[in-house]
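Here are the chains, one letter per residue:
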Amino acid sequence: MTSVFLIDVDNTLLDNDRAKADVAQAIGALVGPDRASRFWSLYEEVRDECGVVDYPETLRRFRRAFPDEKRLSEVDRAVLDVPFERYLYPRALDVIARLWQRGEPAILSDGDRVYQPMKIARAGLLLALRGNVVVYEHKEDHLAEVQRRFPADRYAHIDDKAELLALTKASLGARVTTVHVRQGRYADEAAGGAPPDIVVDRIADLLALDL
Ligand SMILES: [Mg+2]
């Protein structure tokens, strides 16, 4: 019997809340609070329009808003050169190594087509997953495609968003085990639908489970 483990990235394998806070601090130090606050309103504007966080587009709009800003290229660097390998949760790579012993792990992540794959590679996850990485703007809309790309008898979906786990459960039913990792700012967000099959507080807790 083949098993595929579908693993989310942000706030599941990688502390994206902390990465974002560090980026925010760096931008504030570079351009001051007013322009920094404009940066984050552009970030939200892009997220509303595109339905997904898009840093490259946010940077384009920031540049357009403040063409006179002397530290624009440093702002670019602060956003584009985040050392994401430093933001992996403790033992995240050990969990992936363990899942390779049990079946085939794959990253199933939400995000834009440029920054998110770059983040995954930079964090060392592309290598750890041996290229098994798919990124969609809304991954819940692509479960059929995901099953074609990673055919299996059994799936596990590991995610910090209970809402996404409930959607996977609704579509794959008894063929999937859903695992809620209660990390980051969505950890306590209420979700409709089926409750997760397994709940853990930290990704490292998966080392103690026999999935
Ligand atoms: Mg997430």
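Before any of the text, the structure's been laid out above.
This report concerns the structure included in the present document. (Residues numbered from 1 in each chain as written. Predicted model: local features only at pLDDT ≥ 70, side-chain atom pairs only at ≥ 80, totals over all residues.)

## A few points about the sheet that holds strand E6 (residues 198–200)
Here is step 1: Read from one edge to the other, the open sheet built from 6 strands follows the order E3-E2-E1-E4-E5-E6, with strand pairing classed as parallel. The sheet is open, and its two borders are formed by strand E3 (133–136) and E6, each paired with just one other strand. With strand direction ignored, the average angle separating the axes of adjacent strands in the sheet is 20 degrees.
Here is step 2: Where helix H5 (residues 115–122) meets the sheet, its contacts fall on strand E2 (104–110) and E3, and the angle it forms with E3 comes to roughly 150 degrees. (Pairing = 2+ DSSP bridges. Helix = DSSP H or I, 4+ residues; strand = E, 2+ residues; numbered from the N terminus. Axes fitted to C-alpha atoms, helices over the stretch in contact; angles between N-to-C directions. Contact = placed C-beta atoms within 7 Å.)

## Looking at helix H1 (residues 16–50)
Here is step 1: Over its 35 residues, H1 runs only 20 Å from end to end, short of the ideal 51 Å by more than 12%, given 1.5 Å per residue.
Here is step 2: The largest bend along H1 reaches roughly 125 degrees and is located at Gly 32, with the proline Pro 33 sitting one to four residues downstream.
Here is step 3: For H1, the set of buried residues is Asn 16, Ile 27, Val 31, Phe 39, Tyr 43 and Val 46.
Here is step 4: In this structure, the buried residues of H1 make contact with helix H2 (55–65) and helix H3 (72–80). (Expected span 1.5 Å × (residues − 1). Bend = angle between axes of the 7 residues up to and from the residue. Buried ≥ 20, exposed ≤ 12 C-beta atoms within 10 Å, placed from the backbone.)

## Regarding the nonpolar core
Here is step 1: Formed by 32 residues in total, the largest nonpolar core has its most connected members in Phe 5, Leu 6, Ile 107 and Leu 125.
Here is step 2: Residue assignment for this core shows that the elements contributing at least two residues are strand E1 (3–7), helix H4 (92–102), E2, helix H6 (125–128), helix H7 (143–149), strand E4 (154–159) and strand E5 (176–181).
Here is step 3: Setting aside anything within four residues of it in sequence, one finds Leu 125 in contact with Val 9, Leu 13, Ile 107 and Ile 120.
Here is step 4: Counting residues in hydrophobic clusters, the runner-up holds 12 residues, among them Ile 27, Tyr 55, Phe 62 and Tyr 115. (Core = buried A, V, L, I, M, F, W, Y, C linked by C-beta atoms within 7 Å.)

## Side note on the packing of H1 against H3
Helix-helix packing: each pair is described by the crossing angle between the helix axes and the interaxial distance.
Here is step 1: Orientation of H1 relative to H3, taken along the N-to-C sense of each, is 170 degrees, at an axis distance of 9 Å. By the angle between their directions, the pair H1 and H3 is classed as roughly antiparallel. Mapping the contact onto sequence places Val 23, Ala 26, Ile 27, Leu 30 and Val 31 in H1 and Glu 74, Val 75, Ala 78 and Val 79 in H3.
Here is step 2: A class-by-class count of the residues in the contact of H1 with H3 yields 8 nonpolar, no polar and 1 charged. (Parallel < 35°, antiparallel > 145°, perpendicular 65-115°, else oblique. Nonpolar A, V, L, I, M, F, W, Y, C, P; charged D, E, K, R; others polar.)

## Some words on the packing of H1 against H2
Here is step 1: The N-to-C vectors of H1 and H2 enclose an angle of 130 degrees; their axes lie 9 Å apart at closest approach. Regarding the angle of H1 to H2, the classification is oblique. Between H1 and H2 lies a crossing whose hand is right-handed. Contacts between H1 and H2 pair Arg 38, Phe 39, Leu 42, Tyr 43 and Val 46 from the former with Glu 57, Thr 58, Arg 61, Phe 62 and Ala 65 from the latter.
Here is step 2: In terms of residue class, the contact of H1 with H2 is made up of 6 nonpolar, 1 polar and 3 charged. (Left-handed = near helix turned anticlockwise from the far one by under 90°.)

## Here we look at unusual backbone geometry
Here is step 1: Backbone geometry places Arg 91, a non-glycine residue, at a positive phi of 70 degrees.
Here is step 2: Here Arg 91 shows up in the loop between H3 and H4.
Here is step 3: The backbone of Arg 130 sits at a positive phi, close to 50 degrees, despite the residue not being glycine.
Here is step 4: Mapped onto the elements, Arg 130 comes out in the loop between H6 and E3.

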